[in-house]
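One-letter residues, chain by chain:
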Amino acid sequence: EVDKMVFASDILNGRSYATKRAEDGFFAALVRKVHLRREYNKTRNELASLSDRSLADLGISRGEITAISRKAVYGYQS
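Cut-offs used in this document
Residues numbered from 1 in each chain as written. Predicted model: local features only at pLDDT ≥ 70, side-chain atom pairs only at ≥ 80, totals over all residues. Heavy atoms only, no water. pLDDT = per-residue confidence, 0-100. Helix = DSSP H or I, 4+ residues; strand = E, 2+ residues; numbered from the N terminus. Buried < 20%, exposed > 50% of the residue type's maximum accessible area, 1.4 Å probe, protein only. Contact = heavy atoms within 4.5 Å. Salt bridge = Lys/Arg side-chain N within 4 Å of Asp/Glu carboxyl O. Phe/Tyr/Trp six-rings, centres within 6.5 Å; stacked < 30°, edge-to-face > 60°.

Trainee: I'd like a rundown of the confidence of the model for the protein chain, residues and numbers included.
Mentor: The predicted model of the protein chain averages 82 in pLDDT, with 72% of residues at 70 or higher. By mean pLDDT, the top-scoring element of the protein chain is helix α3 (residues 52–58) (95), and the lowest-scoring one is helix α1 (residues 8–12) (58).

This is how it looks when you write it as structure tokens:
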């Protein structure tokens, strides 16, 4: 596969296959964190845009929006 190839320029610059994989892992984790944060913001904003009556119909108080959004996206509350 192309992503497993080590090029001469990488060797000369001290970048091994393991280094490339570590960088790929770092950037993949960063992209995932950005994606999760966007989902959290979207969820929180959608709940915040609801009227108090709509929130009450769902059994949610306005003060619970942040915790519910966090649990929906990240799987935990704080």
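Trainee: An account of the side chain of S69 is requested, with residue identities and associated values reported.
Mentor: Residue position: S69 is located in helix α4 (residues 65–74). Residue S69 is classed as buried on the basis of its relative accessible area, which comes to 0%. Ignoring sequence-local partners within four residues, the contact set of S69 consists of Y40, T43, R44 and L47.

Trainee: Outline the pattern of salt bridges, listing residues and values.
Mentor: Under the definition given, this model contains two salt bridges. Put simply, R62 and D52 hold a salt bridge, and the shortest N to O gap is 2.8 Å. On the criterion of sequence distance, the pair formed by R62 in the loop between α3 and α4 and D52 in helix α3 is long-range, its members being ten residues apart. Looking at D52, the relative accessible area reads 52%, which means it is exposed. Across the pair R53 and D57 runs a salt bridge whose closest N-O atoms are separated by 3.6 Å. In this pair, R53 and D57 are both assigned in helix α3, four residues apart and thus about one turn of the helix distant.

Trainee: How would you explain the packing of aromatic side chains if you had to name every residue and give the values?
Mentor: Tallying each qualifying case throughout the model produces two aromatic pairs. Aromatic side chains F26 and F27 sit 5.1 Å apart centroid to centroid with 75 degrees between the ring planes, which places their arrangement in the edge-to-face category. Here the aromatic rings of Y40 and Y74 are separated by 6.0 Å at their centres, their planes lie at 40 degrees, and the arrangement is tilted. On the criterion of sequence distance, the pair formed by Y40 in helix α2 (residues 17–48) and Y74 in helix α4 is long-range, its members being 34 residues apart. Owing to a relative accessible area of 29%, Y74 belongs among the partly exposed residues under this scheme.

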